[in-house]
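Here is what each chain is made of, one letter per residue.
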Amino acid sequence: MAGFTVAIVGRPNVGKSTLFNRLLEQRKAIVDDFSGVTRDRQYGVAEWCGKTFNVIDTGGFVSRSEDVFEKEIRKQVLIALDEADVILFVCDTATGITTLDDEMADVLRRSPKPVLLVVNKVDNAARLLEANEFYALGFDKVFFVSSISGSGTGELLDEVVAQMPEDVEMATTNVKRTIKREKTRSDEELEKEWEEDEDDLYNSDFDNIDEENEVIEQDEFVPKIAIIGQPNAGKSTLLNAFTGQERTIVSNIPGTTRDSIHTHYKLFGKEFILIDTAGLRRKKNVHEDLEFYSVIRAIRAMDEADVCLLVIDALNGITMQDINIFSLAARKGKGILILVNKWDAFEKETNTARDYEKKIKEKMAPFNDVPIVFISAKDKLRIFQAMEKTIEVHDNMKRRIQTSKLNEYLLKEIQKFPPPMTRGHNVSIKFVRQLPTKAPSFACYANYPEALSNGYRNFIENKIREQYNFSGVPLRIYFRKK
Ligand code: GDP
Ligand code: GDP
């Protein structure tokens, strides 16, 4: 099973976004260590007890204007019911139960998905007494929390994690098969282990681990590709272009819609698995235009993929939502390729593609070493090139750099541009090593790792990218104590 999604619903001002931020904040290592990504507002990845899951604040997706208010909220609830694995229904103890709470509760009580009632703003003992009235809403699982202080959120997260099936596979849980580790252990857990064994790590003979200068690890897995992007960017047209045939449209059977379809096929002599989250090939339904829907779908597809093809509509240009999806894929450690679609319909002058590419890259900085291909899904223009680049990105993801070569190169670069002195200390990086994680990550061992800035992290990342081909691959750089 891939991915696990928790949706936060509730009427405005109950504290959904505060709770959302609180839940995401618990997550340490990877998000914070990963340089250059902005925090998304409405969706993100949370971590608790070594388990990772998606959290979505549905409030961020509905209009707040008065006249569409109730309708929008209803929509929010229906989408959450349809798409999430667990629903957090947030109420506000400061206001007590309102009519709207009652209405939402009516719908949610009938949900086949687990609903956890979260009574928010329980900041003190007096509030806790008042909060008891919420049992009247008729939910078995009630949590009293204060999103502002964080009290009670641990118990809530415990319950969310308890709801997760054992075999949830997320972005960070794929550990290289070639490293003798249990497959189920997440990168984060591995990271922790590395930290614990730091001395052993430092003293061990790394260069026995990888014998060649640079290796692309072979595995028998066929690359999994997800086509993601906003509604009408041309995803289904592209899928048809890849597979070369119109698909028969399967009717919308309740219960099957949220499962994705994986299609294994061969193109230009290469094998691929295309991930088709419910709806890519289906006739558009009423929800289809909702940004929220497209985001959830993209997240789900991403979780299952090795490489994400982000389709953008050349005529619209790259939007904030595109960038959010891009950052999320990067944060999940996925390979990424940008396909600028509808290039056939774009007015072109000399240098148009080059200028367009430059503009995109500016928006993606600092992770802008991403292949960009200008395609027309409709006319099948550069479809082959898009596929070739996809394979290249997939290969780049598997690139492993030998420790001695990496140090030979990087320590020299570091010497040329050493970290600045901090509080009277000379900060120095002693050595660097690529970690055995699926998404390429590097640990830099330093005497004062806490003194190293994000700017310096970007410097290291840039130097690695200059020397080795990690095009389309997000890199994680960790600073460790030595
Ligand atoms: P949303 O509209 O449901 O996303 O609500 P917000 O997260 O924007 O919160 C609405 C208001 O409630 C803001 O002023 C928050 O600061 C406040 N709030 C959120 N959580 C708490 C809490 O645990 N205690 C208190 N006292 N206020 C809170
Ligand atoms: P999706 O919602 O991302 O799956 O987008 P669709 O594949 O349904 O395409 C949305 C619209 O864009 C349709 O009207 C397509 O015919 C049109 N479209 C898709 N690809 C291209 C293209 O390469 N060029 C042009 N001109 N139109 C395209």
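Residues numbered from 1 in each chain as written. Chains lettered and ligands numbered in written order. Predicted model: local features only at pLDDT ≥ 70, side-chain atom pairs only at ≥ 80, totals over all residues.

Attention now moves to the overall build of the chain. When you go through the chain residue by residue, the secondary structure sums to 15 helices and 17 strands. Out of the 482 residues belonging to the chain, those deemed buried represent 42%. Within the chain, contacts between residues at least 6 apart in sequence are counted, and of these 75% link residues at least 24 apart. (Helix = DSSP H or I, 4+ residues; strand = E, 2+ residues; numbered from the N terminus. Buried ≥ 20, exposed ≤ 12 C-beta atoms within 10 Å, placed from the backbone. Contact = placed C-beta atoms within 7 Å.)

A few words on the pairing of strand S8 (residues 224–229). Counting buried positions over the six residues of S8 gives six, a clear majority of the element. Of the two faces of S8, the one carrying Lys224, Ala226 and Ile228 and the one carrying Ile225, Ile227 and Gly229 are both buried. Of the pairings in the sheet, the one linking S8 to strand S11 (residues 307–313) comprises five bridges and is parallel in character. Across the sheet, residue Ile225 finds its bridge partner in S11, namely Val307. (Pairing = 2+ DSSP bridges.)

Spatially, the three strands line up as an open sheet ordered S15-S16-S17, and their pairing is mixed. Each having just a single partner strand, strand S15 (429–435) and strand S17 (476–481) make up the two edges of the open sheet. On average, adjacent strands in this sheet sit at an angle of 25 degrees to one another, irrespective of strand direction. When strand S16 (residues 441–446) meets S17, the two strands line up parallel, connected through six bridges. Looking at S17, one finds that Cys444 is bridged to Phe479. (Axes fitted to C-alpha atoms, helices over the stretch in contact; angles between N-to-C directions.)

What follows is about the nonpolar core. Judged by nonpolar contacts, the single largest core of 114 residues is most densely connected at Phe89, Leu309 and Leu310. With sequence-adjacent residues up to four places away left out, Leu310 is seen in contact with Ile228, Gly229, Asp322, Ile325, Phe326, Ile336, Ile338 and Leu339. (Core = buried A, V, L, I, M, F, W, Y, C linked by C-beta atoms within 7 Å.)

Moving on: the site of ligand 2. The immediate surroundings of ligand 2 are formed by 15 residues, with Gly234, Lys235, Ser236, Thr237 and Lys378 found nearest. With three residues, the top contributor of residues to the shell around ligand 2 is helix H9 (residues 235–243). Of the residues that constitute the shell around ligand 2, the class distribution is four nonpolar, seven polar and four charged. (Near = placed C-beta within 6 Å. Nonpolar A, V, L, I, M, F, W, Y, C, P; charged D, E, K, R; others polar.)

The next point concerns the site of ligand 1. Contacts to ligand 1 come from 15 residues, most closely from Gly15, Lys16, Ser17, Thr18 and Lys121. Ranked by the residues each element gives to the shell around ligand 1, the list is headed by helix H1 (residues 16–25), at three residues. Of the residues belonging to the shell around ligand 1, the class tally is three nonpolar, nine polar and three charged.

So, on to the pairing of strand S3 (residues 51–57). Counted residue by residue, S3 has six buried out of seven residues, so it is predominantly covered. The pairing of strand S1 (residues 5–9) with S3 spans four bridges and is classified as parallel. Its bridge partner being in S3, Thr5 is matched across the sheet by Asn54. In this sheet, S3 lies alongside strand S2 (residues 43–48) in antiparallel orientation, the contact comprising six bridges. Its bridge partner lying in S3, Gly44 is registered against Val55. Connecting S2 to the antiparallel partner S3 that follows it, the hairpin turn spans two residues, and Cys49 within it adopts a positive phi of roughly 50 degrees.

So, about the sheet that holds strand S5 (residues 115–120). With respect to topology, six strands assemble into an open sheet ordered S2-S3-S1-S4-S5-S6, the strand pairing being mixed. A strand with exactly one partner marks an edge of an open sheet, and here the two such strands are S2 and strand S6 (142–144). Averaged over neighbouring strand pairs, the angle between their axes works out to 30 degrees when direction is ignored. Bridge analysis of S5 against S6 gives three bridges, and the strand direction is parallel. Within S6, the residue paired with Leu117 across the bridge is Val142. Docked against the sheet, helix H4 (residues 99–109) engages S1, strand S4 (86–92) and S5, running at close to 160 degrees with respect to S4.

Attention shifts here to the environment of Lys463. Mapped onto the elements, Lys463 comes out in helix H15 (residues 454–467). Judged by local crowding, Lys463 falls into the partly exposed class, with 18 C-beta atoms found within 10 Å. Lys463 sits 49 residues away from Ile414 along the chain, and the two C-alpha atoms are 9.2 Å apart. Lys463 has contacts with Leu410 and Glu413, leaving out every residue within four places of it along the chain.

This part takes up H4. All of the buried residues along H4 are Asp101, Met104, Ala105 and Leu108. The arc that holds the buried residues of H4, viewed along the axis, is 105 degrees, so those residues lie on one side. Every exposed residue of H4 that faces more than 90 degrees away from the buried side is listed here: Thr99, Asp102 and Asp106. (Arc of directions from axis to C-beta.)

Another point: unusual backbone geometry. The backbone of Lys121 shows a phi angle near 65 degrees, a positive value even though the residue is not glycine. With respect to the element layout, Lys121 can be found in the loop between S5 and helix H5 (125–131). Even without a glycine there, the phi angle at Lys380 is positive, about 55 degrees. Using a count of 15 C-beta atoms within 10 Å as the deciding quantity, one classes Lys380 as partly exposed.

This next bit is on the confidence of the model for the chain. For the chain, the mean per-residue pLDDT works out to 77, and 73% of the residues sit at or above 70. Here helix H2 (residues 29–33) is the element of the chain with the lowest mean pLDDT, 35, and S5 is the one with the highest, 97. Low confidence marks residues 170–185, where pLDDT is under 50. Its contacts with residues over four positions away, or in another chain, come to 33 contacts. ipTM for the predicted complex: 0.67, alongside a pTM of 0.64. (pLDDT = per-residue confidence, 0-100.)

Attention shifts here to the environment of Leu128. Summarising the element assignment, Leu128 is placed in helix H5. Through-space distance from the C-alpha of Leu128 to that of Val145 is 9.2 Å; in sequence the pair is 17 residues apart. Apart from the residues within four sequence positions on either side, Leu128 is in contact with Val122 and Phe144.

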